[in-house]
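Now for the letters of each chain:
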Amino acid sequence: MRQPIHLVQTPDGVHLAWTRTGRGPTMVKAANWLTHLRDDVTSPVWRHWLLFLSRHFDLLRFDERGCGLSDREVADVSEAHWLGDLECVIDAAKVRPPLVLLGISQGSVAAIRYAIEHPERVSHLILYGGYARGWAKRDGHAADHYRAVSEMVRLGWGSDNPVFRQAFTQRFLPGGTHEQVDWYNDLCRNTVQPEMAVRLLSVRAHADITALLPQVRVPTLVLHARHDEVVPFAEGRTLAARIPGAEFVELESRNHVLLEHEPAWAVFQQAVLDFVGVVPGEKPAPGELELSPREREILKLLGQGLGNADIGRRLFISEKTVRNHLSHVYRKLGVSTRAQAIVRGRAEAGA
């Protein structure tokens, strides 16, 4: 998989590394813990993720500040930059909206903020293994546990003895093979320095956007492993319960990063494709897709000035289903607003 690496400089002078692979609806993956653009494509942990996403989407991803191919020596890695860094990469890549936004683990925080800030640019929001509040904002047991983990990271991350890192990474991949766990241990050392690892853990610990969740107004899919040992299952349920209209998919797994051999990975893939409306095997580009009869019907009613609720009543479908259909219409027409969709629809009708 060819993946040219690009760099963009943020307003505060940090260079972020990003790449774009695949073809289809544009998907932007917010940065999450421990990635390396170059090494992830050959890894036994992330390779199947990247192959799946690039097979069905025009996938844009980047290494967060302090990690991977992005600048390692960074003074400020606070949560205040998560949204701005995501916006910076999207702008640099000249992404044409609407886009599918993917937030994995702490990447969910930046993805949610972006969806709230730019709802007209997001057709679908997908959150996997995510949370709205870090461990320091949860109950006392979680806080005590992660304080111990942080101390282990501080003492042993850079050591040649993998025991410290093993205690940390085993929680991400409790069902992993020796090869997968060993690779993840090596990733820890290769992608981030010990001091930076501690700083990044601390920043994640104090994140809390729970109050913002009701402001999400884009179609949202939340997926979470039932026995996730890194982010509690309850955190995923909180996202789904507080984001209006969100769909929730429970995955039977212990792994924070789903592995290729487990049944939950197949469930994840199908749920994502169904939610976005991508048919396996097709690789569409914006503006090149044919509208389905139902989508044309909805577009026609949209042109008559009907709102989503009125369209739903006319067609005997839910308002949520209308919103999902309209998201597909926007993507297929290559537009980002109702007004643009109406104009394109009238133009097609006239043609």
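Residues numbered from 1 in each chain as written. Predicted model: local features only at pLDDT ≥ 70, side-chain atom pairs only at ≥ 80, totals over all residues. Heavy atoms only, no water.

Enquirer: I would appreciate a short explanation of the overall build of the protein chain in the present structure.
Expert: Of regular secondary structure, the protein chain possesses 14 helices and 8 strands. When its C-alpha atoms are laid out on the principal axes, the protein chain stretches across 70 × 40 × 40 Å. Counting over 351 residues, the protein chain shows a buried share of 57%. In the protein chain, 75% of the contacts between residues at least 6 apart in sequence involve partners at least 24 apart. Here the protein chain displays about 14700 Å² of accessible surface, and carbon together with sulfur accounts for 52% of that area. Between the averaged position of the 42 positive side-chain charges in the protein chain and that of its 41 negative side-chain charges there is a distance of 5 Å. (Helix = DSSP H or I, 4+ residues; strand = E, 2+ residues; numbered from the N terminus. Buried < 20%, exposed > 50% of the residue type's maximum accessible area, 1.4 Å probe, protein only. Contact = heavy atoms within 4.5 Å. Areas by Shrake-Rupley, 256 points an atom, 1.4 Å probe, with all protein chains shown as cover. Lys, Arg positive; Asp, Glu negative; His and termini not counted. Charge placed at Lys NZ, Arg CZ, Asp CG, Glu CD.)

Enquirer: Where do I start with the nonpolar core in this structure?
Expert: Most often, soluble globular proteins have nonpolar side chains that are buried together. Core analysis: the largest hydrophobic core is formed by 100 residues, its most contacted members being Trp33, Ile112, Ile126, Tyr184 and Phe268. Top contributing element to this core by residue count: helix H10 (residues 263-276), with 8 residues. With sequence-adjacent residues up to four places away left out, isoleucine 112 is seen in contact with Leu125, Leu127, Ile209, Leu213, Val216, Leu239 and Ile243. If you look at the next biggest cluster of nonpolar residues, it comprises 16 residues, including Leu306, Ile311, Val322 and Leu326. (Core = buried A, V, L, I, M, F, W, Y, C linked by side-chain atoms within 4.5 Å.)

Enquirer: Looking at this model, I keep getting lost on the packing of helix H11 (residues 293-303) against helix H13 (residues 319-333). Mind explaining?
Expert: Angle between the axes and distance between the axes are the two parameters that describe a pair of packed helices. Interhelical geometry of H11 versus H13 gives an angle of 95 degrees and a closest axis separation of 10 Å. One element, H11, and the other, H13, form an angle in the roughly perpendicular class. Residues Arg294, Glu295, Ile298, Leu299 and Leu302 of H11 form the contact with H13, whose participating residues are His325, Leu326, His328, Val329, Lys332 and Leu333. In the contact of H11 with H13, the residues fall into 6 nonpolar, 2 polar and 3 charged. (Axes fitted to C-alpha atoms, helices over the stretch in contact; angles between N-to-C directions. Parallel < 35°, antiparallel > 145°, perpendicular 65-115°, else oblique. Nonpolar A, V, L, I, M, F, W, Y, C, P; charged D, E, K, R; others polar.)

Enquirer: How should I be thinking about the pattern of salt bridges in this particular structure?
Expert: A side chain of one charge can pair with a side chain of the opposite charge if their charged atoms are brought near each other. One pass over the structure, following the stated rule, counts 12 salt bridges. Here glutamate 64 ties to arginine 204 by a salt bridge, and the two come within 2.5 Å at their closest N and O atoms. In this pair, glutamate 64 sits in the loop between strand S4 (58-62) and helix H3 (82-92) while arginine 204 sits in helix H8 (residues 194-205), placing the two residues 140 residues apart along the sequence. With a relative accessible area of 6%, glutamate 64 lands in the buried category. (Salt bridge = Lys/Arg side-chain N within 4 Å of Asp/Glu carboxyl O.)

Enquirer: What is the right way to read the packing of aromatic side chains from this model?
Expert: Each aromatic ring pair is described using two quantities: the centre-to-centre distance and the angle formed by the ring planes. A full pass over the atoms with the stated rule returns 10 aromatic pairs. A centroid spacing of 5.0 Å and a plane angle of 45 degrees characterise the contact between tryptophan 49 and tryptophan 265, whose relative ring orientation is tilted. One end of the pair, tryptophan 49, is in helix H2 (residues 47-56); the other, tryptophan 265, is in helix H10, and 216 residues separate them in sequence. Take tryptophan 49: its relative accessible area is 1%, and that puts it in the buried class. (Phe/Tyr/Trp six-rings, centres within 6.5 Å; stacked < 30°, edge-to-face > 60°.)

Enquirer: Looking at this model, I keep getting lost on the sheet that holds strand S8 (residues 247-251). Mind explaining?
Expert: Through backbone hydrogen bonds, the strands of a sheet pair up, either in parallel or in antiparallel fashion. Taking strand neighbours across the sheet as the criterion, the 8 strands line up as S1-S2-S4-S3-S5-S6-S7-S8 in an open arrangement whose pairing is mixed. The strands lining the two open edges of the sheet, one partner per strand, are strand S1 (5-9) and S8. Sheet twist, expressed as the average angle between the axes of neighbouring strands with direction ignored, equals 20 degrees. Strands strand S2 (15-21), strand S3 (26-29), S4, strand S5 (99-104) and strand S6 (122-128) of the sheet are contacted by H2, whose axis makes an angle of about 140 degrees with S4. (Pairing = 2+ DSSP bridges.)

Enquirer: Looking at this structure, how should I read the state of the cysteines?
Expert: The tally for this structure, following the rule as stated, stands at 0 disulfides. Looking at cysteine 88, it has no disulfide partner, and the nearest cysteine sulfur is the one in cysteine 67, 17 Å off. (Disulfide = S-S within 2.5 Å.)

Read these as spatial facts, not as claims about activity.
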